[in-house]
Amino acid sequence: MARLRYPLVLFDAGDTLVAPRESFGAVYARVLRALGVTIPAADLERGLRLCWAETNRAIEPGVDRYAMESGGENAYWLRFVAGTLARTPGAPREKAFAERALAPLREAFRDPASWQVFDDVVPVLSELREAGARLAIVSNWDSGLPTLLERLGLASWFDTIVVSHLEGVEKPRPELFLRAVARLGGRPDEALHVGDVPELDGAGATAAGIANVIVDRRSRLGVEQAALAGLSTVPGIARNGGI
């Protein structure tokens, strides 16, 4: 078997391997409707995106957001749900309602039916495996990611799954990438990382001394990013380099 230029291949999860089947706002709308509150999904999506942007601005890059409060993940997500509702016209503002919505919302996002695996993922993982690559996931996510990947039938493809909250550090800190490489039994110069956010995936992998490519499935980035439209060329890059 020919030696791979990058025998270790790391992948981000969200918008690289998997994506929501419907907008996050649509998930919120469905859950809130079951609680007796009807709000357009588009309004909830806008409120959620505003809350996400403001939350990210308030958190130092690389800090584990889920460990910032004594209540851990639940406290983070309760603040996020309340923040989304506060930024959505016509949504309930009472903390008690956010508390009531929290559990069904978290369950909805843990449900594999809420997510899709992109069509090119399994063929690419299979090709990499057949070529002898060792595979990892490096993702900013809460502790539910390994179970979600198991339910989606993806976990078994990977030798290690490195999740920010379980590690206590988020991308773009290079530690997250280096831990994945160490668990794969290799060196940074043997690794290739594939992710969708240049500021997190590209910058973090580069800081760790790891080659990287950006995949832009939603055509959000400019041409100067030289992003991939999907994963189909990743096995060739792992074999031959040529980034």
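Details of the structure are given in the entry above.
Below is a summary of the structure that appears in this document. Just so it is clear, the structure is predicted and the values come from calculations on it, not from any experiment. (Residues numbered from 1 in each chain as written. Predicted model: local features only at pLDDT ≥ 70, side-chain atom pairs only at ≥ 80, totals over all residues. Heavy atoms only, no water.)

**Some points on the packing of aromatic side chains**
Overall, the coordinates contain 11 aromatic pairs when judged by the stated rule. Ring plane angle 65° and centroid distance 5.6 Å describe the contact between Phe24 and Phe109, whose orientation is recorded as edge-to-face. You can see Phe24 sitting in helix 1 (residues 24-34) and its partner Phe109 sitting in helix 4 (residues 95-110), a full 85 residues away along the chain. Overall, Phe109 belongs to the partly exposed group, its relative accessible area being 22%. A ring pair is formed by Phe24 and Trp115, whose centres lie 6.5 Å apart and whose planes are at 65°; its orientation type is edge-to-face. With Phe24 in helix 1 and Trp115 in strand 3 (residues 115-117), this residue pair connects regions lying 91 residues apart in the sequence. Counting every residue linked through ring pairs, the aromatic cluster contains Phe24, Tyr28, Phe109, Trp115 and Trp141. (Phe/Tyr/Trp six-rings, centres within 6.5 Å; stacked < 30°, edge-to-face > 60°. Helix = DSSP H or I, 4+ residues; strand = E, 2+ residues; numbered from the N terminus. Buried < 20%, exposed > 50% of the residue type's maximum accessible area, 1.4 Å probe, protein only.)

**Brief notes about the packing of helix 2 (residues 41-58) against helix 3 (residues 72-86)**
One can describe the packing of helix 2 onto helix 3 by two numbers: an axis separation of 8 Å at closest approach and a directional angle of 130°. Judged on the interaxial angle alone, helix 3 and helix 2 are oblique. The way helix 2 lies across helix 3 gives a crossing that is right-handed. Across the interface between the two elements, Leu44, Gly47, Leu48, Cys51, Trp52 and Thr55 of helix 2 pack against Tyr76, Phe80, Gly83, Thr84 and Leu85 of helix 3. (Axes fitted to C-alpha atoms, helices over the stretch in contact; angles between N-to-C directions. Parallel < 35°, antiparallel > 145°, perpendicular 65-115°, else oblique. Left-handed = near helix turned anticlockwise from the far one by under 90°. Contact = heavy atoms within 4.5 Å.)

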